[in-house]
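# Structural characterization, general
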Amino acid sequence: MKNLFKKTMITMCSAVMLMGIGAVSANAATTTVGDFTVDRSKSGYSSPYVVSISAYNGKGGEITLPTTAEINGTEYQITSVGNAFEGNESITGVTIPDGYTEIGLSAFKDCTGLQSVEIPGSVDMISSSAFSGCTVLNTVNFDDDTAASLTINLGAFANCTALTSIELPARLSSTRYNFLYGCDALTSITIKDGAQKFAAVDNVLYNVSSDEAVMVVYPGGKTETEYTIPTEVNGKAVTSTAMHLFRNNPVLKKVTVPASITSLGGYTFNGMKAIEEIVFEHETAPSIGSEICTEMNPGSKVVVKNEEVAKAFTFCKTSRFFSNEVPNLISAIAGFIAGKYRTGEYFIRAGKMTIEQLDEVLDKQKEMNESGKHVFIAELMVQMGFVQEKDVK
């Protein structure tokens, strides 16, 4: 009876699930509005409809997206731009009407003929790579705010190499990334009056929504070859950098990071084309994201002050981007932690002992092992007086 009851319950639950899936599928529909394909869909049984542009079949030029679509006899407001234009080479200008709330993932990515875009005040989400790779895009207009907030995600305007300036809306409320990396001509970043959570100072964008400031976007077209991250902006301490902050910067040769920076986002210095030197003024290591010093200009180096900070940058050693003020010791530590050097080689490279002394230690270790007394090489180095116990620790 128990097995029969269990089988019955599983069958009933499966039937309910299938009914739910069927209901969601049944609510999906597609229609055509002029040159545009429009989809109606649901993400779940009780979710509201999402009506979005899913394809474009027109001849290009300057276009205005439709505002409504009739589906199965009902008129719906179109609120989203899906992945409808990626790779399109024919559109030159886009006007998105008021009422749209989202520009989706890669919606206009690699639209290499797109020169201008008008974004309504109702948009509260610009997704990752939405306009990435629009290489002739030179005008981005944000209409006056009607939505309460705006999130801009990773690389939304990345590699827009013709963009020289951008004025962001006051409703900008959230971003954890440099969404303008690779914009090599960009020199001016401003934000409209009334902004509460972000500020543009000297054409650099900061998140100032908390007690501390986060440096978010550094424009790739600034001509200065040396830059020191400020310790304070608008009366708030600058304590961290957003992901991809200097990514692919083509100009900077030297960046100085003050000790006030306690956290570095991933890919902060990734792909810097001209960089020669990154200097950290820290006595203690900051928190470090992934890949912060990868794919940099060959021959560039990271300069630190002491052993503790050096340990945090081990991966820069393995990427050949590591230097310091006490090169033998810190280089040896970094190489040892990375598994590049064994114990004996570490102490030689650190200047703590000679090759001859190491040979003595190895001979002694072999002699003791053969007599059945096993001992770690580091312990033996201390016993023989070649290094101190604190060095081993």
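Residues numbered from 1 in each chain as written. Predicted model: local features only at pLDDT ≥ 70, side-chain atom pairs only at ≥ 80, totals over all residues. Heavy atoms only, no water.

## Remarks on the overall build of the protein chain
Helix and strand content of the protein chain: eight helices and 28 strands. Considering the protein chain as a whole, with its 393 residues, one finds that 46% of them fall into the buried category. Long-range contacts, defined as pairs at least 24 residues apart, comprise 46% of the intrachain contacts of the protein chain with a sequence gap of at least 6. (Helix = DSSP H or I, 4+ residues; strand = E, 2+ residues; numbered from the N terminus. Buried < 20%, exposed > 50% of the residue type's maximum accessible area, 1.4 Å probe, protein only. Contact = heavy atoms within 4.5 Å.)

## A closer look at the nonpolar core
If you look at the biggest cluster of nonpolar residues, it comprises 54 residues, and the most contacted ones within it are F85, F108, I126, F131 and F157. Looking at this core element by element, the count peaks at three residues for strand β3 (residues 50-56). Not counting residues up to four positions away in its chain, the partners in contact with I126 are I103, I119, F131, F142, L150, T151, I152, N153, A156 and F157. (Core = buried A, V, L, I, M, F, W, Y, C linked by side-chain atoms within 4.5 Å.)

## Some words on the sheet that holds strand β11 (residues 125-126)
Taken in spatial order, the eight strands line up as β1-β2-β3-β7-β9-β11-β13-β15 in an open sheet, and their pairing is mixed. With partners counted over all chains shown, the strands left at the sheet margins are β1 (29-33) and β15 (172-174), one partner each. The pairing of β11 with strand β13 (residues 150-152) spans two bridges and is parallel. Residue pairing across strands places M125 opposite T151, the latter belonging to β13. (Pairing = 2+ DSSP bridges.)

## Focus on the packing of aromatic side chains
Within the structure shown, the criterion is met by 11 aromatic pairs. Ring geometry for Y49 versus Y76: centroids 5.6 Å apart, planes at 75°, classification edge-to-face. Here Y49 is found in the loop between β2 (36-41) and β3, whereas its partner Y76 is found in strand β6 (residues 74-77), with 27 residues between them in sequence. Between F131 and F157, the aromatic rings sit 5.1 Å apart at their centres with planes inclined by 5°, giving stacked as the arrangement. With F131 in the loop between β11 and β12 (139-142) and F157 in the loop between β13 and β14 (165-168), this pair connects stretches of sequence that are 26 residues apart. The residues F131 and F157 share a single accessibility class, namely buried. (Phe/Tyr/Trp six-rings, centres within 6.5 Å; stacked < 30°, edge-to-face > 60°.)

## Observations regarding unusual backbone geometry
Even without a glycine there, the phi angle at S106 is positive, about 55°. Despite not being glycine, Y267 shows a phi value in the positive range, around 65°. Position of Y267 relative to the elements: it lies in the loop between β24 (263-264) and β25 (277-280). With relative accessibility at 27%, the residue Y267 sits in the partly exposed group.

## Focus on the pairing of β6
The side chains of a regular strand alternate between the sheet's two faces. Relative to β6, strand β5 (residues 68-71) runs antiparallel, the two being bridged by four bridges. Of the residues in β6, the one forming a bridge with I71 is T74. Connecting β5 to the antiparallel partner β6 that follows it, the hairpin turn spans two residues, and N72 within it adopts a positive phi of roughly 50°.

## So, the pattern of salt bridges
Side-chain pairs of opposite charge can arise whenever the charged atoms involved come near each other. By the definition in use, this model includes five salt bridges. Between D144 and K192 there is a salt bridge; the shortest N-O distance is 3.9 Å. Of this pair, D144 sits in the loop between β12 and β13 while K192 sits in the loop between β16 (188-191) and β17 (198-201), and the two are 48 residues apart along the sequence. On the basis of relative accessible area, D144 is assigned to the exposed category, the value being 63%. For K192, a relative accessible area of 22% puts it in the partly exposed group. (Salt bridge = Lys/Arg side-chain N within 4 Å of Asp/Glu carboxyl O.)

## Let's talk about the confidence of the model for the protein chain
Detailed reading of the predicted coordinates is not advisable wherever pLDDT is low. When pLDDT is averaged along the protein chain, the result is 84, and 81% of the positions lie at 70 or above. This stretch, residues 322-327, has a pLDDT under 50; its non-local contacts, to residues over four places away or in other chains, come to 22 contacts. A low-confidence stretch, residues 335-341 stays under pLDDT 50, and its non-local contacts, those more than four residues away or across chains, total 17 contacts. (pLDDT = per-residue confidence, 0-100.)

## What to know about the sheet that holds β12
The parallel open sheet is built from four strands, whose spatial order is β4-β8-β10-β12. The open sheet has two edge strands with one neighbour each: β4 (61-64) and β12. Each neighbouring strand pair of the sheet contributes to a mean axis angle of 15°, computed without reference to strand direction. Pairing analysis gives four bridges linking β4 to strand β8 (residues 91-95), with the strands arranged parallel. Within β8, the residue paired with T64 across the bridge is T95. (Axes fitted to C-alpha atoms, helices over the stretch in contact; angles between N-to-C directions.)

## Some remarks on the environment of Y56
Mapped onto the elements of the fold, Y56 is located in strand β3. A sequence separation of 28 residues divides Y56 from A84, and the C-alpha atoms of the two residues are 6.1 Å apart. Contact partners of Y56, with chain neighbours within four places excluded, come to D35, F36, I63, A84, F85, N88 and I91. At 3.4 Å, the side chain of Y56 and the backbone nitrogen of K59 are in polar contact. Reaching out from Y56, the side chain makes a polar contact with the backbone nitrogen of G60 at a distance of 3.0 Å. (Polar contact = N/O pair within 3.5 Å; in protein donor to acceptor, adjacent residues only side chain to side chain.)

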